[in-house]
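# Survey of secondary and tertiary structure
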Amino acid sequence: MKYNLSYDNKNIDTNFVAKMAKKFLLDERIVELLYGRGIKDENELKNFLEPNLSQLHDPYLFEDMKIVVEIIKKHIEQKSKILIFGDYDVDGITASAILLKFFDAFGIQAFNFLPNRYEDGYGVNIPALEKIIEKYNPNLIITVDCGITAVNEAEFLKQKNIDIIITDHHEKGPQLPNCPIINPKTSNTYPFKSLCGSGVALKIVQAFWGLDNIDEYIAICSIATIADIVDLLDENRAIVKHGLAKQNLLPKGIRKLINVCGIKGEAKSSDIAFKVAPKLNASGRMGDADRSLCLYLENKDSEINKLVNDIISYNIKRQELCNLAYIEAKQMLAEKDIYHTPAVILSSPTWDSGILGIVAARISEEYNRPTFLFSQQGDELIGSSRSVNNVNIHSMLSQMTDILVKFGGHTMAAGLTIKVEKFDEFNDRVFEYVNKFFVNENFVPSKTYDFYLNVNDINVDFIKDIDRLEPCGHNNFRPIFLVKLKNTKVTSLKKYPEHLVMNLDNMSLLAFNSKSKYYTLSSGIENYVLADLDIDNYKNKLKISG
């Protein structure tokens, strides 16, 4: 295992660091880290440390926002039938909730459609639209978190005299749909490219009402902004900071779920990412995303309790399926020469397609390779992929459209479908692509850290300064410490013996699923561990934990 500092510390402007540390009353080491992460201007640093709603960009910087507002106003005045076409993950569900609540404020009961991943597939498609037209006969369809590649589908709706507005944040295909589009990745004038789908939906609300009286929408949007792993920088940072501070405005059902997750007090971004979001995602992964959407909309306590119970059950089932697929994938990999395998590409008819993204993420992190996992459905393989640093999975797949039924996604993650007979060719072309640009050394497992410190250098005041980096998340990760340990007292948790606790004079560290490392850590020899540190307040006594 290689340990690498997360930033280049050779070209740090030490004068700037010292000046800013004094101005903002911040430890110099943290200012240096932020400088290494690219924040090299006083105004940038101020905006980062003090995010506020004034940092939200003007929604009319989207080229089509004016016409989108005009179309929506027309349909509100005509009391048209409006349908929100979402996606079945947290982002699509949350974006749907934002626009449903937005139209409800105008007295318009908009309809919604969240695809069933097993019956309707991913994204906007003509069979799903035919189902919608038969059931709702809408005058206007607004997509959220999907639709940017729906060229044929937009034409289909136009022939049916149905207006369509596409709001999305995914990468565009070779051609854009011929309709109004709100997508930061296709805009030449919108300055921030990393909004999630819910953030794009929020921009429509902001275009109508400005920043007044939209705190509820921002609080809702903060859930998806954390869950969808977009950059927690720029206006995303302001959305999450403000949204987490306004948790009392979250829908009653979401507050109930937060409580059931055992989160006490104000939830942090890490609580949403690791405790709340997986449960909201679970219903969509199991084919019933409407259960999570209802949690945003329902007000009756009895119904909320049923919804939460259903979502928890879905999550337990999701965990079981993930574990089974992970074990089977590991068994397959045990038969391969993984060192000379530039990407992990596996398929099984027994895998549930709803959980493949989670398992692919786990495999790609463990083996430090782009990972593609497929579930066979008839003559097609339905897949999810996750990448590693420096391998743009969207660019890779864009060069293979001749053998893909469809695909869509981001730099680091994508969904795709191929015919069974194309599996071997797909395997060869992925290997060829990765081998062309990368060498084996790129895939040697490595970990990055932000601070190398001796145990005695870590104190409560320093961790309090670390807290000023919150909300933390993608591209603003909470700092990781590389800590040297020796003669450490190591015990296992009584109820969960697979987890270890390392107790030191000034802090305690919890190592998950590390039972196999017990003798190494307790042997008395020097060990290096990576730790994410926080402060626990136990009986009014502050103690560092990680």
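Within any chain, residue numbers begin from 1 and follow the written order of that chain's sequence. Reporting in this predicted model follows two pLDDT cut-offs: at least 70 for local features of residues, and 80 or more for side-chain atom pairs to be given and counted; totals over whole chains, interfaces and linings ignore these cut-offs and use all residues. With hydrogens and water stripped out, all remaining heavy atoms of the structure feed into the side-chain values.

### Looking at the pairing of strand β11 (residues 413-419)
Exposure is judged per residue with a 1.4 Å probe applied to protein chains only, and the accessible area is read against the type maximum: over 50% gives exposed, under 20% gives buried, and values in between give partly exposed. The helix and strand labels rest on DSSP assignments: H or I over at least four residues marks a helix, E over at least two residues marks a strand, and numbering proceeds from the N terminus. Buried residues dominate β11, accounting for five of its seven residues. When DSSP finds at least two bridges between two strands, those strands are taken to pair. Both strand β9 (residues 380-386) and β11 contribute to a ladder of seven bridges, which runs antiparallel. Bridging across to β11, L381 finds its partner in I418. Counting the residues between successive antiparallel strands, the hairpin from strand β10 (residues 406-409) to β11 contains three residues.

### Re helix α11 (residues 252-260)
For α11, the set of buried residues is G253, I254, L257 and I258. Along the axis of α11, the buried positions cluster into a sector of 145°, meaning they face one direction only. Throughout, a contact is declared for two residues whenever any of their heavy atoms are within 4.5 Å. The secondary structure elements touched by the buried residues of α11 are α9 (215-227), α12 (269-285), α13 (290-297) and α14 (301-333). Phi turns positive one or two residues past the end of α11, at G262, with a value near 80°. Working note: the arc is built from the helix axis to C-beta atom directions.

### Let's talk about the packing of helix α5 (residues 90-104) against α13
Between α5 and α13, the shortest axis-to-axis distance is 9 Å and the interhelical angle comes to 40°. With respect to α13, the element α5 is oriented oblique. In the packing of α5 onto α13, the handedness of the crossing is right-handed. Across the interface between the two elements, I93, T94, S96, A97, L100 and K101 from α5 touch S292, L293, Y296 and L297 from α13. Amino acid classes used here: Ala, Val, Leu, Ile, Met, Phe, Trp, Tyr, Cys and Pro are nonpolar; Asp, Glu, Lys and Arg are charged; the rest, including Gly, are polar. Partitioning the contact of α5 with α13 into residue classes produces six nonpolar, three polar and one charged. Helix axes use the C-alpha atoms of the stretch in contact, all axes being lines fitted to C-alpha atoms, and the angles between their N-to-C directions lie in the range 0 to 180 degrees. Just so you know how the angles are binned, under 35 degrees is roughly parallel, over 145 roughly antiparallel, 65 to 115 roughly perpendicular, and the rest oblique. A clockwise turn of the near helix away from the far one marks a right-handed crossing, whereas an anticlockwise turn of less than a right angle marks a left-handed crossing.

### Quick word on the sheet that holds strand β5 (residues 163-167)
Strand order across the open sheet formed by five strands is β3-β2-β4-β5-β6, with parallel pairing between neighbours. Each edge of the open sheet is held by one strand with a lone partner, namely β3 (111-113) and β6 (181-182).

### Quick notes on unusual backbone geometry
Trans peptide bonds make up most of the peptide bonds, and negative phi angles are found at most residues other than glycine. In this structure, the amide linkage connecting E470 to the following residue, P471, adopts the cis form with an omega of 0°. Secondary-structure assignment places P471 in the loop between α18 (460-467) and β14 (481-485). Of note, the phi angle at N137 is positive, near 45°, even though the residue is not glycine. Residue position: N137 is located in the loop between α6 (126-136) and β4 (140-144). Although it is not a glycine, D145 sits at a positive phi angle of roughly 65°. Within the secondary structure, D145 sits in the loop between β4 and α7 (151-159).

### Re the packing of aromatic side chains
Here a pair means two rings of Phe, Tyr or Trp (six-membered ring of Trp) with centres within 6.5 Å. Their orientation is stacked below 30 degrees between planes, edge-to-face above 60, and tilted elsewhere. Counted by the stated rule, this structure contains 18 aromatic pairs. A centroid spacing of 4.0 Å and a plane angle of 10° characterise the contact between F62 and Y190, whose relative ring orientation is stacked. On the criterion of sequence distance, the pair formed by F62 in the loop between α3 (42-49) and α4 (65-77) and Y190 in the loop between β6 and α8 (197-209) is long-range, its members being 128 residues apart. Assessed through its relative accessible area of 2%, F62 is described here as buried. Clustering of aromatic rings is evident, with ring pairs tying together F102, F103, F106, F208, W209 and Y217. Two conditions define a charge sitting above a ring: the NZ of Lys or the CZ of Arg must be within 6 Å of the ring centre, and it must be within 35 degrees of the ring normal. In this structure, R237 is placed above the aromatic ring of F48, and the distance from its NZ or CZ to the ring centre is 3.7 Å.

### Examining the pairing of β4
Along β4, five of the five residues are buried, which leaves the element largely enclosed by surrounding structure. Alternating residues of β4 divide into L140, I142 and V144 and I141 and T143, and every residue in both groups is buried. Bridge count for strand β2 (residues 82-85) against β4 is four bridges, and the pairing is parallel. Opposite I82, over in β4, you have L140 as the bridge partner. Sheet topology note: the β4/β5 ladder contains five bridges and is parallel. Looking across to β5, one finds that I141 is bridged to I164. Place the viewer so that the strands point away; then a crossover is right-handed whenever the path from the first strand over the helix to the second strand goes clockwise. Chirality of the crossover, the property in question, places the unit of β4, α7 and β5 among those that are right-handed.

### Quick word on the sheet that holds β10
An order of β7-β8-β9-β11-β10 is seen for the five strands of this open sheet, with the pairing classed as mixed. Each edge of the open sheet is held by one strand with a lone partner, namely β7 (344-348) and β10. The sheet shows a mean angle of 15° between the axes of neighbouring strands, direction not considered. Bridge count for β7 against strand β8 (residues 371-377) is five bridges, and the pairing is parallel. Across the sheet, residue L346 finds its bridge partner in β8, namely L373. Helix α17 (residues 423-437) contacts β7, β8, β9 and β11 of the sheet and is inclined by roughly 165° relative to β7.

### Focus on the nonpolar core
Side-chain atoms within 4.5 Å link the members of a nonpolar core, which is a set of buried Ala, Val, Leu, Ile, Met, Phe, Trp, Tyr and Cys residues. Within the largest apolar cluster, 72 residues are counted, with the highest numbers of intra-cluster contacts made by I72, F103, I142, L280 and L295. The element that contributes the greatest number of residues to this core is α5, accounting for nine residues. In this structure I142 touches I72, I82, L83, I84, F85, L99, F103, I165 and T167, once residues within four positions along its chain are discounted. In this structure, L469, M502, M507 and L509 belong to the second largest nonpolar core, which totals 41 residues.

### Some points on helix α1 (residues 14-23)
All of the buried residues along α1 are F16, V17, M20 and A21. The buried residues of α1 occupy an angular sector of 125° when projected down its axis, which confines them to one face. In α1, those exposed residues whose orientation departs by more than 90 degrees from the buried face are T14, N15, K19 and K22. On its buried side, α1 packs onto α2 (28-36) and α3. Within 3.5 Å is the distance limit for a polar contact, defined as a pair of N or O atoms, with the added protein rule that one can donate a hydrogen and the other accept it, and that residues adjacent in sequence qualify only through two side-chain atoms. Measuring from the backbone nitrogen of N15 back to the side-chain oxygen at the start of α1 gives 3.2 Å, which picks out D13 as the cap. Phi turns positive, to about 50°, at L25, one or two residues after α1.

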